[in-house]
Amino acid sequence: MYIYKAAVIGAGAMGAEIAQAISFSGLPVVIKDVNQELVDKGLARARSIYQRRVDRGKMSASEMESKMALITGATGYDGFDDVDIVVEAVPEKMAIKKAVFAELEANTPENCILASTTSALSISEIGSATKRAHKVVGMHFFYPAHVMKLVEVIPGLETNDETVDDTIAFTESLRKIAVRVEECAGFLVNRLLLPYLNEAVMALGEGAGKVQDIDNMMREWGFPMGPFTLCDNLGLDVCSSVGQTLYDSYGPRMQPAPLWTLLTEAGRMGAKSGAGFFSYSADAPAGGVDDALLGMIAKTQKDTGVTGTELSAERLVYPMINEAVICLQERVCTASDMDVSMLAGVGFPQDKGGILKYADQLGLDVVLEGLERLTKTLGERFWPAP
């Protein structure tokens, strides 16, 4: 099926950036939200992305206007009667998403693809809100959506092959890399990324190292930013929510670090709230680490009785490798797609070639020995994949 027109539900940051990416490919797109103020903010965000291209000399002002003319705003379902694909980008709450999909079924053509940008929720459950689950698919963009190249395409239990193939073709028309991922909690990238982030938080809470030391260590290892800077950018509420979803599905190896709870209960959601692992206030101390965070770290050590554990890049990276191997065992995706996903989705170091290629370079015997040692010293979350 050729896609002539698209729509996006949700004019927040993700929705606006997806709409911009669609318009940049030359397709008309409707962006909908619950009120005009939110729609206007979404349109303004899309325009600001184009304006940066104009400012850098990558497009003319007239080209920007012609692209912006492809984006129309809506607070209802006017203009949805001829769309070929709808991308839902509403808050990560199952009840909200199911309500939206029930509305979409009543307001879109029968052959319209209904895609969700969920990062961890069940595509099959979302599809159950409609009578055409065969047309429901996951289309997980990564933030910022107008920059990041990877899109995970996730079929639900009833999604048919035509829907998957059409969604992959549409993704590639946006100049994105489409990777098919079988449905599981966290899909692929978040399922591999969260153990890394969680272990960094575990190490911090145990006094293995300071915030800046751990961030610097992983930048020197090759990541574009440290785990705590990444968490603050993603939002600690988002990381904590995805982490809980993974724990609910996979059990002890995904046990959330205690420090997550203290931070989120204190309202420290990252850069967007003014504080996360770092403080972003005008009077923040040098380095951005305030006394409130240090107090939470001290409380974690007092509550758990665990302090002064080891710090190494292997401690953070080996859980990612282990989960990658478990995903490979479960045939979540191919080995090559897994490496591409980690390179394009989370900035895994290019010179290491991807998570599985890096494991091969190290030697699987070396990784196994390391996981066995970490299991003995730090706990069963490092238990090696069979």
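Look up a bit, the structure's there.
Here the structure is a predicted model, which is why all the values come from computation and not from measurement.

### Topic: the pairing of strand S7 (residues 150-155)
- Across the 6 residues of S7, 6 count as buried, placing the element largely inside the fold.
- Along S7, one buried face is formed by Leu-150, Glu-152 and Ile-154 and the opposite face, lined by Val-151, Val-153 and Pro-155, is buried too.
- One ladder, built from 5 bridges, connects strand S6 (residues 136-141) with S7; its direction is antiparallel. Bridge pairing links Phe-141 to Val-151 in S7.
- Bridge count between S7 and strand S8 (residues 177-180): 4 bridges; the pairing is parallel. Across the sheet, the residue bridging to Val-153 is Arg-180, located in S8.
- In terms of handedness, the path from S7 via helix H6 (residues 161-173) over to S8 forms a crossover that is right-handed.

### Side note on the pairing of S6
- Taken across its 6 residues, S6 has 6 buried, putting it largely inside the fold.
- Of the two faces of S6, the one carrying Val-136, Gly-138 and His-140 and the one carrying Val-137, Met-139 and Phe-141 are both buried.
- Pairing analysis gives 3 bridges linking strand S5 (residues 113-116) to S6, with the strands arranged parallel. The partner of Ser-116 across the bridge, within S6, is Gly-138.

### A look at the packing of helix H10 (residues 236-250) against helix H11 (residues 258-265)
- At a minimum axis separation of 10 Å, H10 and H11 run at an interaxial angle of 140°. Classified by the interaxial angle, the pair formed by H10 and H11 is oblique. Our pair here, H10 against H11, has a crossing hand that is left-handed. Seen from H10, the contacting residues are Leu-236, Asp-237, Cys-239 and Ser-240; seen from H11, they are Trp-260, Leu-263 and Thr-264.
- When its residues are assigned to classes, the contact of H10 with H11 shows 4 nonpolar, 2 polar and 1 charged.

### Notes on helix H13 (residues 313-329)
- The terminal C-alpha atoms of H13 lie 25 Å apart, and with 17 residues this matches the ideal 24 Å at 1.5 Å per residue to within 8%.
- In terms of burial, H13 is largely enclosed, as 13 of its 17 residues are buried.

### Details of the nonpolar core
- If you look at the biggest cluster of nonpolar residues, it comprises 92 residues, and the most contacted ones within it are Phe-277 and Ile-355.
- The element contributing the most residues to this core is helix H7 (residues 189-205), with 11 residues.
- Counting 33 residues, the second largest nonpolar core, distinct from the first, contains Ala-11, Ile-71, Ala-115 and Val-151.

### Thoughts on the packing of aromatic side chains
- Counting across every chain of the model gives 11 aromatic pairs.
- When the ring of Phe-228 is compared with that of Phe-277, the centres are 4.7 Å apart and the planes differ by 45°; the resulting orientation is tilted. Remark: Phe-277 occurs in the loop between H11 and helix H12 (291-304) and Phe-228 occurs in helix H9 (residues 227-234); sequence separation between them is 49 residues.
- Summarising the aromatic geometry, the rings of Trp-260 and Phe-277 are spaced 6.1 Å apart at their centres and angled 75° between planes, so their arrangement reads as edge-to-face. Remark: Phe-277 occurs in the loop between H11 and H12 and Trp-260 occurs in helix H11; sequence separation between them is 17 residues.
- Three or more aromatic residues link up through ring pairs in this structure, and these residues are Tyr-196, Trp-221, Phe-223, Phe-348 and Tyr-358.
- In this structure, Lys-32 is placed above the aromatic ring of Tyr-77, and the distance from its NZ or CZ to the ring centre is 4.8 Å.
- The ring of Trp-221 has Lys-352 sitting right over it, with the charged end atom 4.4 Å from the ring centre.

### Looking at the sheet that holds strand S1 (residues 6-9)
- Read across the sheet, 8 strands follow the order S3-S2-S1-S4-S5-S6-S7-S8 without closing on themselves; strand pairing throughout is mixed. Two strands bound the open sheet, and with one partner strand each, they are strand S3 (71-74) and S8. Taken pair by pair, the neighbouring strands of this sheet meet at an average axis angle of 25°, ignoring direction.
- Examined bridge by bridge, S1 and strand S4 (residues 85-88) share 4 bridges and lie parallel to one another. Bridge assignment links Ala-6 to a residue of S4, and that residue is Ile-85.

### Topic: unusual backbone geometry
- For the peptide bond that leads from Tyr-143 to Pro-144, omega is -5°, which places it in the cis range.
- Here Pro-144 lies in the loop between S6 and S7.
- One non-glycine residue, Phe-187, lies in positive phi territory at about 55°.
- Looking at the element boundaries, Phe-187 is found in the loop between S8 and H7.
- What makes Phe-187 buried here is its relative accessible area of 0%.
- Of note, the phi angle at Arg-331 is positive, near 60°, even though the residue is not glycine.
- In this structure, Arg-331 sits in the loop between H13 and helix H14 (335-346).

Rules used in this analysis
Numbering of residues starts from 1 in each chain and follows the order in which that chain's sequence is written. Where totals are concerned, whole chains, interfaces and linings use all residues; where local detail is concerned, this predicted model gives features only for residues with pLDDT of at least 70, and gives and counts side-chain atom pairs only at 80 or more. Note: side-chain values were computed over all heavy atoms of the structure, leaving out hydrogens and water. Partly exposed describes any residue whose relative accessible area lies between the buried limit of under 20% and the exposed limit of over 50%, with all areas from a 1.4 Å probe on protein chains only and scaled to the type maximum. Only DSSP runs of H or I reaching four residues or more are called helices, and only runs of E reaching two or more are called strands; each is numbered from the N terminus. A pair of strands is considered paired only if DSSP assigns at least 2 bridges between the two. Assignment of crossover handedness uses the view with strands pointing away from the viewer, where a clockwise path from the first strand over the helix to the second indicates a right-handed crossover. To get an axis, a line is fitted to the C-alpha atoms, and for a helix only the part in contact is used. The angle between two axes follows their N-to-C directions and goes from 0 to 180 degrees. Any angle that is under 35 degrees is reported as roughly parallel, and any over 145 degrees as roughly antiparallel; angles of 65 to 115 degrees are reported as roughly perpendicular and all others as oblique. Take the far helix as the reference: if the near one is turned anticlockwise from it by less than a right angle, the crossing is left-handed, and if turned clockwise, right-handed. We call two residues in contact whenever any of their non-hydrogen atoms come within 4.5 Å of each other. Any residue outside Ala, Val, Leu, Ile, Met, Phe, Trp, Tyr, Cys, Pro, Asp, Glu, Lys and Arg is labelled polar, Gly included; the first ten of those are nonpolar and the last four are charged. Here, expected helix span is obtained from the residue count minus one, scaled by 1.5 Å. The set of buried Ala, Val, Leu, Ile, Met, Phe, Trp, Tyr and Cys residues whose side-chain atoms join them within 4.5 Å is what this entry labels a nonpolar core. Stacked, edge-to-face and tilted are the three classes for Phe, Tyr and Trp ring pairs, Trp counted by its six-membered ring, which pair at centre distances within 6.5 Å; planes under 30 degrees apart are stacked, over 60 edge-to-face, the rest tilted. Over a ring means this: the NZ of a Lys or the CZ of an Arg is within 6 Å of the ring centre and within 35 degrees of the ring normal.

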